[in-house]
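Structural characterization, general
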Amino acid sequence: LMFIEECVKKHSEEEKMSLELREIYEIPYKEIVKILDERFGHGSLGNIKNKADTAKRRVKNCIENKFSSIKLFLKNKNC
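Since this is a predicted model, take the numbers as computed values, not measurements. Position numbers for residues count from 1 along each chain, tracking the sequence in the order it is written. Thresholds applied to this predicted model are a pLDDT of at least 70 for local features of residues and 80 or more for the giving and counting of side-chain atom pairs; totals over whole chains, interfaces and linings are not thresholded and use all residues. Side-chain metrics in this entry use all non-hydrogen atoms of the structure; hydrogen atoms and water are not considered.

All right, on to the packing of aromatic side chains then. Pairing of aromatic rings covers Phe, Tyr and Trp, the last counted by its six-membered ring, and requires centre-to-centre distances within 6.5 Å; plane angles under 30 degrees mean stacked, over 60 mean edge-to-face, and any other angle means tilted. Evaluated as defined, the whole model comprises zero aromatic pairs. Over a ring means this: the NZ of a Lys or the CZ of an Arg is within 6 Å of the ring centre and within 35 degrees of the ring normal. One residue, Arg22, lies across the ring of Tyr29, its end atom 4.5 Å from the ring centre.

Dropping the structure here:
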């Protein structure tokens, strides 16, 4: 679970919030725009969708890389 936090904390605060609001709380993008606009003073629907999708893709890739490293480690240790 710690490696997931490592993957998430690499992102900007805005990206983390948009990812969390969309993927964990399943808030519609239109509401996320309002929330982030209040917090950061800017935001458009397209921009927020892009930030959430980009952050999601980067976290997914990071997790996959960490699992690949773990599998390789275990394979080399003959576990």
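Helix and strand definitions follow DSSP, with helices as H or I runs of at least four residues and strands as E runs of at least two, each counted in order from the N terminus. Tracing the backbone shows Cys7 in helix α1 (residues 2-8). As for Cys7 and Lys34, which are separated by 27 residues in sequence, their C-alpha atoms are 26 Å apart. Two residues qualify as a contact provided that any one of their heavy atoms is within 4.5 Å of a heavy atom in the partner residue. Leaving out residues up to four positions away in the same chain, Cys7 has contacts with Val59, Cys62, Ile63 and Lys66.

Moving on: the nonpolar core. The biggest cluster of nonpolar side chains holds eight residues, and these are Met17, Leu21, Tyr29, Ile32, Val33, Leu36, Ile48 and Ala52. What Val33 contacts, discounting residues up to four positions off in sequence, is Gly43, Ser44, Leu45 and Ile48. Only buried Ala, Val, Leu, Ile, Met, Phe, Trp, Tyr and Cys residues count toward a nonpolar core, and they belong to the same one when joined by side-chain atoms within 4.5 Å. The buried label goes to any residue with under 20% of its type's maximum accessible area, the exposed label to any with over 50%, and the partly exposed label to all in between, with areas taken from a 1.4 Å probe on protein chains only.

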